[in-house]
Amino acid sequence: GQNIDQPTEMTATEGAIVQINCTYQTSGFNGLFWYQQHAGEAPTFLSYNVLDGLEEKGRFSSFLSRSKGYSYLLLKELQMKDSASYLCAVRASDKLIFGTGTRLQVFP
Amino acid sequence: DSGVTQTPKHLITATGQRVTLRCSPRSGDLSVYWYQQSLDQGLQFLIQYYNGEERAKGNILERFSAQQFPDLHSELNLSSLELGDSALYFCASSVEPGGGNNEQFFGPGTRLTVL
């Protein structure tokens with residue numbers, strides 16, 4: 001079956017660095033996405049990994065290890081506006097399977 | 001603004017009723033996806049269409065159905081509504097049905113409340 005695990009909640013301080021982990025078990029893996037979702041709003045795309053390694057995009061980086069079924073999203077120089085849910089999603093057989101998301105709260 | 005539009009924004013109805021949610025994909029996108037997001041739950045994939053044809057099916061109830069029209073807009077029909085169907089329903093679109101950096105762009109969602 002398909003299974004994606006993320007921590008439910010995390011807290012961090014403005015200006016700090018936070019790492020949100022995601023582990024998955026799927027068949028037919030074809031890429032991993034990270035989305036950001038503010039409460040009541042649509043998810044917005046952050047990053048995509050299909051090969052092992054680190055993808056950096058400004059303050060956000062995402063890492064993938066396919067052999068370990070593991071990814072993380074790294075957020076640097078945290079800002080208050082980064083308070084949101086972060087959704088890990090795995091594409092398998094043309095379907096995008098989402099984890100339940102990690103709710104990040106950034107405090108001043 | 002992702003370019004994906006959904007109507008209506010809010011819908012309040014009673015149990016046993018039937019509703020239709022509408023989605024227009026981004027210009028040029030052929031693939032449309034429907035998701036359900038209940039309170040404190042993740043996005044649940046319901047169904048995908050590509051260029052008018054059903055492409056993939058997720059955990060979609062038999063009471064729910066969808067279609068994609070020749071102009072590529074899509075409708076999600078929910079019938080015999082139950083209290084548990086209250087949720088945010090998102091539509092997303094992408095250029096291709098799968099493979100590559102196939103980012104999905106999400107619409108603003110329709111919030112359905114069943115009383």
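Residue indices begin from 1 for each chain and proceed along its sequence in written order. All chains are assigned letters beginning at A, and all ligands numbers beginning at 1, according to the order in which they are written. Per-residue local features are limited, in this predicted model, to residues with pLDDT of at least 70; the limit for side-chain atom pairs, both in listing and counting, is 80 or more; totals at the level of whole chains, interfaces and linings are taken over all residues. Excluded from the side-chain calculation are hydrogens and water; included are all heavy atoms of the structure.

S.K.: Looking at this structure, how should I read the interface of chain A and chain B?
M.R.: Interface size is commonly expressed as the accessible area that is lost once the parts come together. Residue contacts follow a heavy-atom distance rule, with two residues in contact if any of their heavy atoms lie within 4.5 Å. Facing 18 residues of chain A, the contacting portion of chain B comprises 24 residues. Considering only the side of chain A, the residues that lose the most area to chain B are Asp-94, Lys-95 and Phe-98 of chain A, jointly responsible for 30% of the buried surface there. For this analysis, a polar contact is any N or O atom pair within 3.5 Å, provided that within protein one partner can donate a hydrogen and the other can accept it, and provided that sequence-adjacent residues contribute only side-chain to side-chain pairs. Applying the counting criterion to the chain A and chain B interface returns two residue pairs in polar contact (both at pLDDT 80 or more). Here a helix means four or more residues in a row that DSSP labels H or I, a strand means two or more in a row labelled E, and each is numbered from the N terminus. Breaking the side of chain A that touches chain B down by element, the ones donating at least two residues are β4 (29-37), β5 (44-49), β9 (84-92) and β10 (95-98) of chain A. Looking at the side of chain A that touches chain B, the element that brings in the most residues is β4 of chain A, giving four residues. As a working definition, buried area equals the accessible area (1.4 Å probe) given up by two parts on being put together, with both sides summed.

S.K.: What exactly am I supposed to notice about the sheet that holds strand β8 (residues 74-78) of chain B here?
M.R.: Paired through backbone hydrogen bonds, the strands of a sheet run either parallel or antiparallel to each other. Residues and elements named next belong to chain B. Any two strands with at least two DSSP bridges between them are considered paired. Taken together, the four strands give an open sheet; going across it, the order is β1-β3-β8-β7, and neighbouring strands pair in antiparallel fashion. At either end of the open sheet lies a strand with only one pairing partner, and these are β1 (5-7) and β7 (64-68). Shown here is a sheet whose adjacent strand axes are inclined to one another by a mean of 15°, direction ignored. In the sheet, β7 pairs with β8 via five bridges, with the strands oriented antiparallel. Following the sheet pairing, Ser-65 is matched in β8 by Asn-77. A fitted line through C-alpha atoms serves as each axis, taken over the contacting stretch for helices, and the angle formed by two N-to-C directions is quoted from 0 to 180°.

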